[in-house]
Structures are given as structure tokens and as C-alpha cells.
Amino acid sequence: MSQKILEALKAQGPELDRRYQAVKEKKLNLDMTRGKPCSEQLDLANGLISNLGPNEYKAEDGTDCRNYGGVDGLPEAKRLFSEFLEVAPSEILIGDNSSLALMYECVALGLSHGVPGGAGPWSREKPKFLCPAPGYDRHFAICEHFGIEMISVDMTPDGPDMDKVEALVAEDASIKGIWIVPKYQNPTGITCSPRTVGRLSKMKTKAPDFRIFWDNAYAHHHLTDSPPRLENLLSAAKAEGNGDRVLVFGSTSKVSWAGSGVAMVGATEKNVGWLRGHRGKATIGPDKVSQLRHVKFFKDMDGVRAHMKKHQDILKPKFDKVIEIFEREMGGKGIATWTKPLGGYFISLDTLDGCAKAVVKMAADVGVKLTEAGGTHPYGKDPRDRNIRIAPSLPKLPEIEVAMEVVALCVARASLAKLSG
């Protein structure tokens, strides 16, 4: 099979070189390194700027949102965003704009003070985290920052490889957590199956203070009108007597404004109380004005869903264009595979083994910047050097077309070089 692919690529070699040189002469400057919302998406929430009048700064319980207080959020914000996360209002804490900051905080507190159900700070032993890969580079960065050992776990079509997860957590008490983006996973677009959710909820862990960091960043970010259903992990775990192991994170970072949204964590009341107690030492309250603006802007979850349909209308043509070009340029050639996500922000592209770094460099040399090869794996090291995260959200449609034609061209050239030895 490899010989057949090589012969086909050799026949195209001169044309591939000619096209690459022609692209270089265009002096492109296209950045597809991160999954940022585009300006048109951000504009959808511009009503946040003016939706509070000069005397509309009080919450429903009379709280003056301009003042201190409210460590765990306004009542109306907790009511709206508890539905957003599918938890009870008593099981949510509202933070500022970044769910990543809340995850960082929970890891830091686990290391310094420990979590409910544990025997003390995680730092008393050398803690480890399970890291599904390909996965989210910023999760891995938190672990690396704190010196937490990362153990890579393969992603499957149902989510993390649960046979490996179950075996590891059952035998090693130093494994304190696992990172999971459960819906439209970054970058594969996979949604955890009901069976995976069930196994996570009931699996035996040697560490009594094990935590699942359930980063549900794309819960409402659909590219289809018939999205897959993600089962509620917190409810399933509580039914198994394991509710405290689950920390659910979410935000409006890709719903309203990426830098000025509202972040939240959902958990059992015991875990929320733990986090509230520590947060009370670090802050006298989050940005309640922002919470009030968001509640007034969206009103309820029907408002959120209607808003996200507008995001879908902007994003779907961009994702469709990437898939169209990949199929046209690489389909049936045996040099790459790619995902066709039903939501989220990314497409996962797998080249032949040993080609991803070459593709990223080759594309950068002609002005198309992609996420660094290896960035989707712990320590920045993809053992097969094949995965590239494609982020279609920020560029305009014509830019995506140009950039993806360049990517496909670079995949073909890198494949030829690899197979030629």
C-alpha cells in the first residue's frame, strides 16, 4: 500500500513543487493557531455593552453588583448557569471570565491543601494526571507548570480509552485526576458515549481523592441541528456514591465574549463549599456586573440556545469548507485522515506517521501558521508525529480556502519525502 501511495506521489512531485513555490511567492500571512471566535461571532453579543441602564445595577435579591461580595455568584446567575451546566443551583459557583483559571485554581488547591475525601495535600506525594491525547494543550500546560506527571491515554470514538483508565486508577493512588473535554473534544470533536460516562462514574479508584476535571467547554456549540446527547456525569456519579470525584467546568467564553464572559464550576455541595471557602480568602467577590449583564442578555436557556444557533450559522460554512478541501485534495490518497465534527471548534488532522512537524513547518514557511505539531499531546510530544489541530473559527472563508489548500499541499509533499526515505 505504501509503495502504491509513493508511486502516485512521485508522479505528482514536480507539480507539487511548482504549486508550493507559487504559494511562497504570494507571501501569505494566515494564522490558524488557536480556536478564537471571529469578529462576527463576538458582534453577536454586543448588546452586553448597553443592556444595563444607569440605575440597573441591583440583583434580584437587592445586591448592589457594583460592590463587594457574592463569592459564589448572583442568585439569578446561578439559576441560569446551573441549567447551562446541568447541575442544581446549590451545586454551582460562578467565577470571573475564565474556566481555565478555575481549573488552575482547583489543581493548585489540591496540591496545597488537598480536596474533600483526601488525606491532605496532593503535593505530599508525586501526583499524576491522566491526559487523553490528542487533547487540550492548556490542560497539559497546567500539569507541567505544577510538576504533575502526565500519563497519556489514547482517545477512542467513545472518549478516553476506558480499559486503560480503569486499570491505571485502580492500582495507583498517586493518580489524582484526569482531564476530559466530554463534548466535541478538543481537537477530535468526539463526544463521550453513555457507556464511557457510566464507567467513569462507577470505576474503582485507589486514590479516594481522585478528581475528574470535566471541562465541558463546548456543551452548546453545535454544528448540527441534531446534536449528540452527553449524559450527565455528576448525576451518574452521585447515583454511584462517587459524586465528589466530579468537577464540571464551563463558561461563556465562546458564547458571548472570549475575554469578558462568565465562568463556572459545578460540583457536589461539599466540593462547592470547599472551593467557596478557599476563594473567600483570595477574593471578596467576582465581577457581578458581568453576571447581571449576561443574565439580562440571555434571559434563560432558550435565549442561550437561540444565540448559539447564530454561532452555528457562522461556523458551519467554515468547517464545511475545510472538509470539502481535504476531501478534494487528499481524499482516497492514503496520506491523511481527518475528523468531521458535529460541534466544537476544531478538526483533527492525522498525517502519515512522522509527517506532522514537517507539514507545520512547511506551511509556516509559506505564511500559514498552524498549531505546533505535538501540542495536542503531553509535554508537546506526539509519539507518532502525526496529529495537527485545525482551527477554522477565526479566519474568513476565503482565507480558510487558501490555508487548507496549502495544508493539503504540504501534507502531500511531506508524505512524499517520508515515503521516499
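To be clear, the structure that these remarks concern was listed above.
Residues numbered from 1 in each chain as written. Predicted model: local features only at pLDDT ≥ 70, side-chain atom pairs only at ≥ 80, totals over all residues. Heavy atoms only, no water.

**Examining the pairing of strand S13 (residues 387-390)**
Applicable threshold: Think of it in three bands: with a 1.4 Å probe and only protein chains considered, a residue is buried below 20% of the maximum accessible area for its type, exposed above 50%, and partly exposed in between. Per the convention used, a helix needs a DSSP run of H or I reaching at least four residues, while a strand needs a run of E reaching at least two, with both numbered from the N terminus. DSSP calls a pair of strands paired once it identifies at least 2 bridges connecting them.
Residues of S13 alternate between two faces, with Asn-387 and Arg-389 on one and Ile-388 and Ile-390 on the opposite face, all of them buried. Two strands pair when backbone bridges link them, and strand S11 (residues 347-351) and S13 are joined in this way by 4 bridges, in the antiparallel orientation. Its bridge partner lying in S13, Asp-350 is registered against Asn-387.

**So, the pattern of salt bridges**
To keep it simple, the criterion reads: Any Lys or Arg side-chain nitrogen located within 4 Å of an Asp or Glu carboxyl oxygen qualifies as a salt bridge.
Under the criterion given, the structure shown has 30 salt bridges. The shortest N-O distance in the salt bridge between Arg-199 and Asp-163 comes to 2.7 Å. Taken together, the residues Arg-199 in helix H7 (residues 194-202) and Asp-163 in helix H6 (residues 162-171) connect sequence positions 36 residues apart. One salt-bridge network, held together by shared partners, links Arg-19, Arg-328, Glu-329 and Glu-405.

**Some points on the state of the cysteines**
Put simply, the rule is: Disulfides are defined as cysteine sulfur pairs within 2.5 Å.
Summed over the entire model, instances satisfying the criterion amount to 0 disulfides. Of the cysteine sulfurs around Cys-131, a residue in no disulfide, the closest is that of Cys-143, at 4.7 Å. For Cys-131, a relative accessible area of 0% translates into the label buried. Here Cys-355 stays free of any disulfide, with the sulfur of Cys-410 as its closest cysteine sulfur at 12 Å.

**A look at the packing of aromatic side chains**
We describe a pair of aromatic rings using the distance from one ring centre to the other and the angle between the two ring planes. The cut-off we apply is this: Aromatic pairing here means that ring centres of Phe, Tyr or Trp (its six-membered ring) are within 6.5 Å. Orientation follows from the plane angle: under 30 degrees is stacked, over 60 is edge-to-face, and everything else is tilted. The criterion is that NZ of a Lys, or CZ of an Arg, lies within 6 Å of the ring centre and within 35 degrees of the ring normal, and then a charge sits over that ring.
Applying the stated criterion across every chain, the model contains 11 aromatic pairs. Members of the aromatic cluster, joined through ring pairs, are Trp-122, Phe-129, Trp-179, Phe-213 and Phe-249. A cation over a ring is seen here: Arg-413 above Tyr-20, with NZ or CZ 4.2 Å from the ring centre.

**A few points about helix H3 (residues 75-85)**
Short version of the rule: By definition in these notes, contact holds between two residues if any of their heavy atoms fall within 4.5 Å.
Taking burial as the measure, the 11 residues of H3 include 8 buried ones, the bulk of the element. Among the residues of H3, Glu-76, Ala-77, Lys-78, Leu-80, Phe-81, Ser-82, Phe-84 and Leu-85 are the ones counted as buried. Of the surrounding elements, those touching the buried residues of H3 are strand S2 (92-94), strand S8 (246-251), strand S9 (263-266), helix H10 (288-298) and helix H11 (301-330). Positive phi appears at Glu-86, one or two residues downstream of H3, with a value of about 65 degrees.

**Re the side chain of Asp-215**
The following threshold applies: His is not counted here, nor are the chain ends, while Lys and Arg score as positive and Asp and Glu score as negative.
Along the chain, the position of Asp-215 falls in strand S7 (residues 211-215). Buried within the structure, Asp-215 lacks any salt-bridge partner; its nearest side chain of opposite charge belongs to Lys-254, at an N-O separation of 8.9 Å. Excluding residues that lie within four positions of it along the chain, Asp-215 makes contacts with Met-103, Tyr-136, His-139, Ile-180, Val-181, Pro-182 and Phe-249.

**Things to note about the pairing of strand S6 (residues 175-180)**
Extensive coverage of S6 is indicated by the burial of 6 of its 6 residues. The pairing of strand S3 (residues 128-133) with S6 spans 3 bridges and is classified as parallel. Pairing of Phe-129 across the sheet is with Gly-177, part of S6. Two strands pair when backbone bridges link them, and S6 and S7 are joined in this way by 4 bridges, in the parallel orientation. Within the sheet, the bridge partner assigned to Trp-179 lies in S7 and is Phe-213.

**Focus on the packing of helix H4 (residues 99-112) against helix H9 (residues 269-282)**
The line we're drawing: Under this scheme, a helix contributes an axis fitted over its contacting stretch, all axes are lines through C-alpha atoms, and angles between N-to-C directions fall in the 0 to 180 degree range. By definition in this entry, angles of less than 35 degrees are roughly parallel, angles greater than 145 are roughly antiparallel, angles of 65 to 115 are roughly perpendicular, and the rest are oblique. Only Asp, Glu, Lys and Arg are considered charged in this grouping, and only Ala, Val, Leu, Ile, Met, Phe, Trp, Tyr, Cys and Pro are considered nonpolar; every other residue, Gly among them, is considered polar.
Interaxial distance between H4 and H9 falls to 11 Å at its minimum, and their mutual angle equals 90 degrees. The pairing of H4 with H9 is recorded here as roughly perpendicular in orientation. When H4 is examined against H9, the residues Leu-102, Glu-105, Cys-106, Leu-109 and Gly-110 are found in contact with a partner set consisting of Trp-274, Leu-275, His-278 and Arg-279. Split into classes, the residues belonging to the contact of H4 with H9 amount to 5 nonpolar, 2 polar and 2 charged.

**A short note on the sheet that holds strand S10 (residues 336-338)**
Strand order in this open sheet of 3 strands is S10-S11-S13, and the pairing throughout is antiparallel. Pairing within the sheet leaves two strands with one partner each, and these edge strands are S10 and S13. Across the sheet, the mean angle separating the axes of adjacent strands is 20 degrees when strand polarity is ignored.

Shape is all these values report; function is a separate question.
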